[in-house]
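Inside the fold
The chain contents come next:
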Amino acid sequence: PRKGSLTMFPERLAYKRMTLAQFQRQPYTIRPVAETDVVLATLEADVLPEVSKRLAPNTISRLLAQGAGQFVLVANGTILGAVYSQRVAAVSRLDELNWSTKHKAYEPNGNVLHILRIDAATDQTSQSGLFSNDVASALRDFILGYASALGLSKVVAVVDTCVDGAVEFHTNEGAVVTPRSKSWFSSEIQARSDSAVVCYTIREDDDADE
């Protein structure tokens with residue numbers, strides 16, 4: 001759907017029955033992850049440090065077991081990126097967790113969508129002319145629309161503030177930043193790492209902050 005075009009009806013009731021959206025054609029498709037998407041292991045290997053893969057093996061298998069919320073972007077038959085997410089009860093649920101224990105926050109009916117990771121191929125382009133930043137942005141926008149369609153209140157992610165542009169990638173789209181008192185990333189993964197929570201408000205709901 002075109003960004004900002006998604007409207008759910010009835011607007012004044014908690015439970016929605018209809019969704020109205022304006023669609024625009026894109027040179028790619030975004031679909032749920034399938035067990036046959038073995039290329040995701042290669043994509044993960046390209047974007048994650050070796051030590052992080054050791055600390056959290058079978059990441060994709062675990063996420064697939066959680067069902068909805070995992071998507072890939074495909075252009076000309078090639079997977080160029082993926083976004084992984086999980087529902088959690090509240091933003092504060094992540095306060096005592098870190099990169100290797102984040103799955104403990106999973107709540108099937110949670111009101112907050114936690115973006116676990118957005119992977120975009122760094123050395124691939126397609127005939128459509130998509131580059132890694134285009135892929136990552138498309139997946140971010142999609143997951144925000146997905147959360148809105150589910151009627152969730154917030155979308156949250158934890159980012160490494162030492163990576164150039166990591167925070168701005170979210171704040172440029174309206175996310176609010178809150179520094180973390182504890183590092184999200186293990187010292188085994190990165191010798192120096194500061195992290196922050198970026199949070200998008202989809203609709204007002206005080207319970208999602210608790």
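Below is a summary of the structure that appears in this document. It should be emphasised that the depicted structure is a prediction, and the values quoted were computed from it without experimental measurement.

Broken down by element type, the protein carries five helices and nine strands. Taken from the N to the C terminus, the helices and strands of the protein come in the order β-β-β-α-α-α-β-β-β-α-β-α-β-β. When the 210 residues of the protein are sorted by exposure, 43% land in the buried category. Partitioning the contacts of the protein with sequence separation of at least 6, the portion at a separation of at least 24 is 67%.

In a regular helix each residue adds 1.5 Å, so 19 residues correspond to 27 Å; helix α4 (residues 132-150) covers 27 Å between its end C-alpha atoms and thus fits that length. Along α4, the residues that are buried comprise Val-135, Ala-136, Ser-137, Ala-138, Leu-139, Arg-140, Ile-143, Leu-144, Tyr-146 and Ala-147. Just downstream of α4 lies Gly-151, where phi reads positive at about 80°.

Moving on, we come to the environment of Thr-122. Tracing the chain through its elements places Thr-122 in the loop between β6 (112-120) and α4. For the pair Thr-122 and Asn-133, spaced eleven residues apart in the sequence, the C-alpha separation amounts to 8.8 Å.

So, on to the sheet that holds strand β7 (residues 154-160). With mixed pairing, the seven strands of this open sheet are ordered in space as β3-β4-β5-β6-β7-β9-β8. Two strands lie at the open edges of the sheet, namely β3 (29-32) and β8 (176-179), each paired on one side alone. This sheet shows a mean twist of 30° between the axes of neighbouring strands, independent of strand direction. Bridge analysis of β8 against strand β9 (residues 195-201) gives four bridges, and the strand direction is antiparallel. What sits directly across from Thr-178, in β9, is Val-197.

The rules behind the values
- Residues numbered from 1 in each chain as written.
- Predicted model: local features only at pLDDT ≥ 70, side-chain atom pairs only at ≥ 80, totals over all residues.
- Heavy atoms only, no water.
- Helix = DSSP H or I, 4+ residues; strand = E, 2+ residues; numbered from the N terminus.
- Buried < 20%, exposed > 50% of the residue type's maximum accessible area, 1.4 Å probe, protein only.
- Contact = heavy atoms within 4.5 Å.
- Expected span 1.5 Å × (residues − 1).
- Pairing = 2+ DSSP bridges.
- Axes fitted to C-alpha atoms, helices over the stretch in contact; angles between N-to-C directions.

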